[in-house]
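A closer look at the structure
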Amino acid sequence: MTDFQDIHGRKAGTWAVNDEQAHGREVRSMFARISGVYDFMNHFLSLNRDKAWRKNVAARLDSDVWEILDLCAGTGDLALTCRGAGKGRAWIAADFCPEMLEGTRGKEGAGALFLSAADAMQLPFGDRCVDAVTVGFGVRNFADVRRGLAEIARVLRPGGQFMVLEFYRDDRAASGEARGVPGLIRFGLNTVIPLIGKIVGRDSAAYSYLPSSMGEFLTPSEFADLLREFGFAEVIIERQTFGIAHIVGGRLQE
Ligand SMILES: C[S@@+](CC[C@H](N)C(=O)[O-])C[C@H]1O[C@@H](n2cnc3c(N)ncnc32)[C@H](O)[C@@H]1O
């Protein structure tokens, strides 16, 4: 019998989980369970900072970008933020959890989004078909981070941009520097968020997954190195609000 840790534990150095299919099923069903409260919890737990972080992603995109694929789009906020910022002319919001995509309904501008039920591990799109790929808080959930990056590099046009807003592993834990997430905020992430998730979201497991998956993920600089390995240049790392989140991104080399 496997337990949660067996499924989600990452095989050292590969950034792939032990049981990829079970992991995908668990992640999908976890987001289906919290889809109704996702937006509220997101804004509430981040004190609305998540909105500013998404705007910073949009600001990083070229002004003449045409097709944007927002992967792990969830309830569509990142795609809609790009649209609101005047970035892009066509927006694909792709996610493997239809219940999350349902959450785009009724939002301003949502009618302009093309919704796609798609797994980032095997994208149903042709090669070199989009100008930019954005991912907000999604890469950390990939069963195999390298496979996801290979798919993203495949669907991006050469010269296209890739921007990832994510809760990465704390830099300080990896480097011994004093630039990591401050202790009080770390306490909030590890203790307060699961507790509030239990009370308001009625699902402490889903909100415990946030700190545990952060702890197992890459640091911003490790993720930046991985982007270079997959052919991205002009790699940037931008700290958001005391390093709680970071934007890491780059441009696929021609
Ligand atoms: C934390 S939510 C982020 C939603 C949105 N991007 C935002 O900024 O709020 C993560 C989303 O990633 C999706 N997801 C996780 N793994 C995925 C995969 N392999 N393929 C597609 N979507 C995935 C989940 O279903 C969920 O909707």
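This section reports on the structure supplied with the text. (Residues numbered from 1 in each chain as written. Predicted model: local features only at pLDDT ≥ 70, side-chain atom pairs only at ≥ 80, totals over all residues. Heavy atoms only, no water.)

Let's talk about the overall build of the chain
- Each helix and strand in the chain was counted, giving 11 helices and nine strands.
- Partitioning the contacts of the chain with sequence separation of at least 6, the portion at a separation of at least 24 is 67%.
- Accessible area of the chain: about 11600 Å², with a carbon and sulfur share of 53%. (Helix = DSSP H or I, 4+ residues; strand = E, 2+ residues; numbered from the N terminus. Contact = heavy atoms within 4.5 Å. Areas by Shrake-Rupley, 256 points an atom, 1.4 Å probe, with all protein chains shown as cover.)

With respect to the site of the ligand
- Contacts to the ligand come from 18 residues, most closely from Tyr38, Cys72, Asp95, Ala120 and Gly136.
- Within the contact set of the ligand, an oxygen atom lies 2.9 Å away from a side-chain nitrogen or oxygen of Arg54.
- Interatomic distance of 2.7 Å between a backbone N/O atom of Cys72 and a nitrogen atom of the ligand.
- Class assignment of the residues belonging to the shell around the ligand gives a composition of 11 nonpolar, four polar and three charged. (Near = heavy atom within 4 Å. Polar contact = N/O pair within 3.5 Å; in protein donor to acceptor, adjacent residues only side chain to side chain. Nonpolar A, V, L, I, M, F, W, Y, C, P; charged D, E, K, R; others polar.)

Topic: the pairing of strand 3 (residues 67-71)
- Counting buried residues along strand 3, four of its five residues qualify, which places the element largely inside the surrounding structure.
- Pairing geometry for strand 3 and strand 4 (residues 90-95), over five bridges, is parallel. Bridging across to strand 4, Ile68 finds its partner in Trp91.
- Remark: the strand 3/helix 5 (residues 77-84)/strand 4 crossover connection has right-handed handedness. (Buried < 20%, exposed > 50% of the residue type's maximum accessible area, 1.4 Å probe, protein only. Pairing = 2+ DSSP bridges. Right-handed = clockwise from strand over helix to strand, strands pointing away.)

Some remarks on the packing of helix 4 (residues 49-60) against helix 5
- Following both chains from N to C, one finds helix 4 and helix 5 inclined at 55°, their axes separated by 9 Å at the closest point. Classified by the interaxial angle, the pair formed by helix 4 and helix 5 is oblique. Remark: the crossing between helix 4 and helix 5 carries right-handed chirality. Note on element contacts: helix 5 touches helix 4 through Asp77, Leu78, Thr81 and Cys82, opposite Arg54, Lys55, Val57 and Ala58.
- Class assignment for the residues of the contact of helix 4 with helix 5 results in four nonpolar, one polar and three charged. (Axes fitted to C-alpha atoms, helices over the stretch in contact; angles between N-to-C directions. Parallel < 35°, antiparallel > 145°, perpendicular 65-115°, else oblique. Left-handed = near helix turned anticlockwise from the far one by under 90°.)

Structural notes on the side chain of Asn42
- Within the secondary structure, Asn42 sits in helix 3 (residues 38-45).
- When near neighbours in sequence (up to four residues on either side) are disregarded, Asn42 contacts Asp50 and Arg54.

Brief notes about the sheet that holds strand 9 (residues 245-252)
- Spatial strand order, 5-4-3-6-7-9-8: seven strands in an open sheet with mixed pairing. A single partner strand is all that each edge strand has here, and the edge strands are strand 5 (113-117) and strand 8 (232-240). Across the sheet, the axes of successive neighbouring strands diverge by a mean angle of 15°, strand direction being ignored.
- Against the sheet, helix 7 (residues 145-155) makes contact with strand 3, strand 6 (130-136), strand 7 (156-166), strand 8 and strand 9, and its axis sits at roughly 140° relative to strand 7, the strand it touches most.

Quick word on the environment of Arg146
- If you trace the backbone, Arg146 turns up in helix 7.
- Since its relative accessible area comes to 27%, Arg146 is described here as partly exposed.
- Distance in space between the C-alpha atoms of Arg146 and Leu227 is 9.5 Å, their sequence separation being 81 residues.
- Side-chain polar atoms of Arg146 contact the side chain of Glu229, separated by 2.5 Å.

Bear in mind that shape data such as this cannot, by itself, settle questions of function.
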